[in-house]
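Chain and residue survey
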Amino acid sequence: QVQLVESGGGLVQAGGSLRLSCVASGRTYSTYAMGWFRQAPGKEREFVAAIRWSGGTTYYADSVKGRFTISRDNAKRMVYLQMLRLQPEDPAVYYCAASRAPVRTTSAIYAYDYWGQGTQVTVSS
């Protein structure tokens, strides 16, 4: 079992920055990669970014590439999402997720086995 807890969400003006954190506990040795997803009201949950524990290879959705940066601290078993130049399209509940096995497509929701409860990100104009 793996437990994930997100933090760092809040209200920020358009063009501002926010840093999300996710701490993993439990049997974290069984996880292969970490990901960030988001879900806005009335929309499906979508992939944002992912990172492998080993090597740190990163993956990004086109909508956030160049603005968001995912990183991890292997020793602390933490993953971060640095969000820059936040736009009105970015507000959503952001979820941290963990995958137990390597997959070809890291953006697939079904590839992840553990999920956090989410943290709200709100962008004002």
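Before reading further, recall that the structure is shown in the block above.
Here's a quick rundown of the structure. (Residues numbered from 1 in each chain as written. Predicted model: local features only at pLDDT ≥ 70, side-chain atom pairs only at ≥ 80, totals over all residues. Heavy atoms only, no water.)

Here the focus is the packing of aromatic side chains. Aromatic rings in a pair are described by how distant their centres are and how their planes are angled relative to each other. All chains considered together, the criterion is met by four aromatic pairs. Taken together, the ring pairs in this structure connect Phe-37, Phe-47, Tyr-112 and Trp-115 into an aromatic cluster. Cation over ring: Arg-45 sits above Tyr-95, and NZ or CZ is 3.8 Å from the ring centre. Between the NZ or CZ atom of Arg-45 and the centre of the ring of Trp-115, over which it lies, the distance is 5.0 Å. (Phe/Tyr/Trp six-rings, centres within 6.5 Å; stacked < 30°, edge-to-face > 60°. Lys NZ or Arg CZ within 6 Å of the ring centre and 35° of its normal.)

Quick look at the nonpolar core now. One broad trend across soluble globular proteins is that nonpolar side chains are buried collectively. Within the largest apolar cluster, 35 residues are counted, with the highest numbers of intra-cluster contacts made by Leu-4, Met-34, Trp-36, Leu-81, Met-83 and Tyr-94. Taken together, the elements giving at least two residues each to this core come down to β1 (2-7), β3 (18-26), β4 (33-39), β5 (46-52), β7 (68-73), β8 (78-83), β9 (92-99) and β11 (119-124). Beyond its immediate chain neighbours, meaning those up to four positions away, Met-83 contacts Gly-16, Ser-17, Leu-18, Leu-20, Arg-67, Phe-68, Tyr-94 and Val-121. (Core = buried A, V, L, I, M, F, W, Y, C linked by side-chain atoms within 4.5 Å. Buried < 20%, exposed > 50% of the residue type's maximum accessible area, 1.4 Å probe, protein only. Helix = DSSP H or I, 4+ residues; strand = E, 2+ residues; numbered from the N terminus. Contact = heavy atoms within 4.5 Å.)

Geometric values such as these leave the question of function open.
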